[in-house]
Amino acid sequence: MIEHPRAEELVEAVASWIESLRPSLPPRDAFLARVAANALATVGRELAQGPAADQATQARLVALLGHEGDLASLNADLCDRLETGEMGVHTPGLLATLKANIIDQIAIDQPNYVSQPGG
Amino acid sequence: MEVDILGHLQALAPKLGGTGVEGVQRLSGGASMETWAFTLVGGAPGPAEMILRRRSGPFNAAESRSTSLATEAALIQAAHHVGAPVAPLVRLCEPEDGLGEAHITGRVAGETLGRKIVAGEAFAAIRPRLARQCGQILARIHSIPGEALDLKTADALGELDRYEAIYRASGARRPVLELAFHHLRGNLPPPLPDVVLHGDFRNGNLMIHPETGVAAVLDWELSHRGDPAEDLSWLCVNSWRFGRSHLPVGGFGHYQDLLDGYAEAGGTAISLPRLRYWQALGSLKWGVMCLMMYASYASGATPSVERPMIGRRVSETELDLVHLLEVGL
């Protein structure tokens, strides 16, 4: 176990250092520094939530596709079926599965993103 | 080679109606386009704020989605002629101006930052009127005679082909994008006559004045001919609502106001389902563009922190697409 410090703590330390520099930077660099701090925050969320999100996604794909497999092969199988139209918007459970998987991913990528149901 | 922008603008000042320039400042620069702000001084009406746009990189007119700056200048004049608000064209630069492919426009007062427009107190009073105004302005833009302009044409199927090819070439496998490509291909809207489109009409490319609303439509470089619903819908893509997702038009207004404004100003009748189809296609396109920006980092072509982070915006378009597909397209 690697824990003194944990990876999350290192990421947090670098992000707050970048934040402290930001006010002194010219506009373009200040913008990129904010992007960099956001990138680290994303890494932090991925470290914390990524393994559980991948596991949940895999379980949902197993249920939808009706067979076992690792996440990459399940994802590829689903993509093949969607590309050919074998599965589509009318496939029971498809949209609910896709939505649950994206909600897990967006919680890592952009937790503040607001998307109105209904589009 | 570094171009002496200040020197060339000083020399050009008499042709712009002044005696010199001040406050020359670079606003932004992409890989191939630069924007500069400056003040023309010594002219009869007093100091005038202006914007120089110039191409700083290579341009392949046949392959690029962007128009030339000469076409952009012609579009700005044509839009002005039909009554759409623009930053007025001051000069289409000549080779002897020394600025390369470039044009100069007036600078219109207002705000372009989407977040401020959708949430700022200063814009609270004007916000409810913006969607209708945008509809009216788009109807005028769509009335521009396109024959004299050097514009490409794109329809829904062509856009799907183009973006699916990019997606396939990226090697990414993303279920929602697969579903969206297949579904949109199978549900193409019936064709409408082509019109001149702005091509990037969204919150962020509109100069908004807190009292009068849309003061200028900016950034004409993606103009092309196509389905009028493409322009109406791009403004509604959730990625440009800046967190005000419940207000589908730009984060400030309602679909019906946009469509009413469009019809009032003489636009052809556009149904909401048609608009929503194109909105989904817009989200799909933006998702693929985000993937492309990540790819330009991954390939080593653009080493910045910004590009890979944009890749993490693909999931926002996927959530938006699922929300659209849930209610039906």
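Our subject in this report is the structure included herewith. (Residues numbered from 1 in each chain as written. Chains lettered and ligands numbered in written order. Predicted model: local features only at pLDDT ≥ 70, side-chain atom pairs only at ≥ 80, totals over all residues. Heavy atoms only, no water.)

Some points on the side chain of Arg 274 of chain B
Residues and elements named next belong to chain B.
Reasoning step 1: Following the sequence through the fold, Arg 274 ends up in helix 9 (residues 272–298).
Reasoning step 2: Using a relative accessible area of 10% as the deciding quantity, one classes Arg 274 as buried.
Reasoning step 3: Of the polar contacts made by the side chain of Arg 274, one reaches the backbone oxygen of Pro 190; its length is 2.7 Å.
Reasoning step 4: For Arg 274, the contacting residues outside a window of four places in its chain are Pro 189, Pro 190, Pro 191, Leu 192, Asp 227 and Ala 229. (Helix = DSSP H or I, 4+ residues; strand = E, 2+ residues; numbered from the N terminus. Buried < 20%, exposed > 50% of the residue type's maximum accessible area, 1.4 Å probe, protein only. Polar contact = N/O pair within 3.5 Å; in protein donor to acceptor, adjacent residues only side chain to side chain. Contact = heavy atoms within 4.5 Å.)

Some words on the nonpolar core
Reasoning step 1: By size, the foremost hydrophobic cluster in this structure holds 84 residues, and its most contacted members are Leu 78 of chain A together with Ile 141, Phe 201 and Leu 284 of chain B.
Reasoning step 2: Non-local contacts of Ile 141 of chain B, meaning those with residues more than four positions away in its chain, are made with Val 82, Ala 84, Val 196, His 198, Phe 201, Val 217 and Trp 220 of chain B.
Reasoning step 3: Ile 5, Leu 12, Leu 16 and Cys 93 of chain B belong to the second largest nonpolar core, which has 15 residues in total. (Core = buried A, V, L, I, M, F, W, Y, C linked by side-chain atoms within 4.5 Å.)

A word on helix 9 of chain B
Residues and elements named next belong to chain B.
Reasoning step 1: The end-to-end C-alpha distance of helix 9 is 39 Å, a good match for the 39 Å that 27 residues give at a rise of 1.5 Å each.
Reasoning step 2: Among the 27 residues of helix 9, 19 are classified as buried, and the element is accordingly described as predominantly covered.
Reasoning step 3: At the N-terminal boundary of helix 9, the capping side chain belongs to Ser 271, with an oxygen 3.2 Å from the backbone nitrogen of Arg 274.
Reasoning step 4: Looking one or two residues past helix 9, Gly 300 carries a phi angle of roughly 90 degrees, positive in sign. (Expected span 1.5 Å × (residues − 1).)

What about the interface of chain A and chain B?
Often the size quoted for an interface is simply the accessible area lost on bringing the parts together.
Reasoning step 1: The interface of chain A with chain B comprises 38 residues on the first partner and 34 residues on the second.
Reasoning step 2: Among the residues of chain A in contact with chain B, Ile 102, Tyr 113 and Gly 119 of chain A are the three that bury the most area, contributing 17% of the side total.
Reasoning step 3: At the surface where chain A touches chain B, the tally comes to seven salt bridges.
Reasoning step 4: The closest approach of N and O atoms between Glu 83 of chain A and Arg 168 of chain B, which form a salt bridge, is 3.6 Å.
Reasoning step 5: In this structure, the connection of chain A to chain B is made through 18 residue pairs in polar contact (both at pLDDT 80 or more).
Reasoning step 6: Sorting the residues of the side of chain A that touches chain B by element identifies helix 2 (27–65), helix 3 (71–84) and helix 4 (94–109) of chain A as the ones contributing at least two each.
Reasoning step 7: Tallied by class, the residues present in the side of chain A that touches chain B amount to 20 nonpolar, 12 polar and six charged. (Buried area = accessible area lost by both parts, 1.4 Å probe. Salt bridge = Lys/Arg side-chain N within 4 Å of Asp/Glu carboxyl O. Nonpolar A, V, L, I, M, F, W, Y, C, P; charged D, E, K, R; others polar.)

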